[in-house]
Structure formats: C-alpha cells, structure tokens
Amino acid sequence: MTVIANNLVVSFNYKLTNAEGETLDQSQGEPLAYLHGAGNIIPGLEKALEGKAVGDKFTVNVPAAEGYGEYNADLVQEVPKQMFQGVENIEAGMQFQAQTEDGVQIVTVKSVEGDNIIVDANFPLAGQDLTFDVEIVEIREASQEELDHGHVHGAGGHHH
C-alpha cells in the first residue's frame, strides 16, 4: 500500500473551517492535487498528511503558526488615496495587488479615512487556527517534469 511521502502527487478532498466552525473553503467536486514535500500547501497540513493512504478520512487542526502565519500588525499601513489611481470608489474589504520589494502582494482595504486608506498585507487567514476535514483520494508517482517544476500539472494542479 502506498502512503504519502516526498515526491508523490497526492489528491485530496477537504473542507476548511475556522475556530468558530464557519466553512472558509472546500474542494468543489474536484480534489486538490499537490506535490508532497515541495511546500505547495501549508506546513501544518502537509505534515499531517505524511504517511496517510488512499481512503483515509481524518481531521487536522493547524495552529496559525503552521498555517498562514501569525497576524503581523506591522503589515497594516496607512497609504494616501492617490496610490489608488483610476479607482473611483474604494471601500473596506476590497483587495488590490501591490508591488513590493518582495514582489506582488495582495492587500485588503481595512478602512477609508478621508484621503488616507488603511490597508492590511497579512494573508486573510493569518493569525487563525484552522481545521481541515480531509479525505485522501489518490496517491501517484510524480512525473519528472512535475519534480523539476516543484508542483503538479494537469487536473487539480498547475497548468502552463
């Protein structure tokens, strides 16, 4: 019996909930496929999948530090409205791509205060403990191309 280990492609169905039990995300009819050991999914989930087999169903509790990281208050900034050129109506909850030293980053508008916009560059799930209900659907050998690229190609994976 094949169990999940590095350099294998794993497909799984999941339902993601937060500490309050609200569903945040789930696989919609098509399982999520990833290359195990390549850092394609959050560390706490990847660690919990190690050694599991097709047909296994289980629940994984992932603390924020092993998920999308702790919430970093330094990533909340006030920026002038003119940085949003061409956007007529800026409202809380809107997301934008910002060019930073680390490349493109998604920022979420927290509030609008006159000519200043308060933005948050934390990942939306940062600081949250997460629960995944998981079912392992398939485990297969990765192709050489998938190993070279560090991610899955085709159904449920990456397309070039």
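Residues numbered from 1 in each chain as written. Predicted model: local features only at pLDDT ≥ 70, side-chain atom pairs only at ≥ 80, totals over all residues. Heavy atoms only, no water.

Let us now look at the overall build of the protein. Summing up its helical and strand segments, the protein has two helices and nine strands in all. Counting only C-alpha atoms, the protein reaches 60 × 35 × 25 Å along its principal axes. For the protein, the residues scored as buried account for 34% of the 160 residues in total. Pairs at least 24 apart in sequence give 63% of the contacts found in the protein among residues at least 6 apart. Surface exposure of the protein reaches about 9600 Å², of which carbon and sulfur atoms provide 45%. (Helix = DSSP H or I, 4+ residues; strand = E, 2+ residues; numbered from the N terminus. Buried < 20%, exposed > 50% of the residue type's maximum accessible area, 1.4 Å probe, protein only. Contact = heavy atoms within 4.5 Å. Areas by Shrake-Rupley, 256 points an atom, 1.4 Å probe, with all protein chains shown as cover.)

Structurally, G29 can be placed in the loop between strand 2 (23-26) and strand 3 (32-35). C-alpha of G29 to C-alpha of N13: the two residues are 16 residues apart in sequence and 8.1 Å apart in space.

This brings us to the nonpolar core. By size, the foremost hydrophobic cluster in this structure holds 20 residues, and its most contacted members are F12, L45, L49, F132, V134 and I136. At the level of secondary structure, the elements contributing two or more residues to this core comprise strand 1 (8-17), helix 1 (43-49), strand 4 (57-62) and strand 9 (130-141). Contact partners of V134, with chain neighbours within four places excluded, come to F12, N13, L45, L49, D56, K57 and F58. Counting nine residues, the second-largest nonpolar core is a separate cluster that includes I90, V107, V109 and I117. (Core = buried A, V, L, I, M, F, W, Y, C linked by side-chain atoms within 4.5 Å.)

What follows deals with the domain arrangement of the protein. For the protein, the domain assignment lists domain 1 (3-68 + 126-149) and domain 2 (73-120). The C-alpha centroid of domain 2 is placed 31 Å from the C-alpha centroid of domain 1. (Domains from an automatic or database assignment.)

Let us now look at the side chain of H153. One can find H153 in the segment after helix 2 (144-149). Among the residues examined, H153 registers a relative accessible area of 16% and is labelled buried. Looking at H153, its side chain comes within polar contact range of the side chain of H149, at 3.4 Å. A distance of 3.3 Å separates polar atoms of two side chains, one belonging to H153 and the other to H151. (Polar contact = N/O pair within 3.5 Å; in protein donor to acceptor, adjacent residues only side chain to side chain.)

Before going further, it helps to spend a moment on the packing of aromatic side chains. By the definition in use, this model includes five aromatic pairs. Here F84 and F96 contribute two aromatic rings whose centre-to-centre distance is 4.9 Å and whose plane-to-plane angle is 65 degrees, an arrangement assigned as edge-to-face. In this pair, F84 sits in the loop between strand 5 (76-80) and strand 6 (95-100) while F96 sits in strand 6, placing the two residues 12 residues apart along the sequence. The two residues F84 and F96 agree in class, both being buried. Three or more aromatic residues joined by ring pairs form one cluster here, namely F12, Y14, Y34 and F132. It is K52 that lies over the ring of F58; its NZ or CZ is 4.8 Å from the centre. (Phe/Tyr/Trp six-rings, centres within 6.5 Å; stacked < 30°, edge-to-face > 60°. Lys NZ or Arg CZ within 6 Å of the ring centre and 35° of its normal.)

This part is about the UniProt feature "domain: PPIase FKBP-type" (unreviewed entry) in the protein. This chain's UniProt record puts "domain: PPIase FKBP-type" (unreviewed entry) on residues 5-80. For residues 5-80, the end-to-end C-alpha separation is 48 Å, with 9% helix and 38% strand making up the annotated structure. (UniProt positions renumbered as here; feature names shortened; annotations may be inferred.)

The next thing to look at is unusual backbone geometry. Backbone geometry at N7 places phi at a positive 70 degrees, although glycine is not the residue there. Along the polypeptide, N7 turns up in the segment before strand 1.

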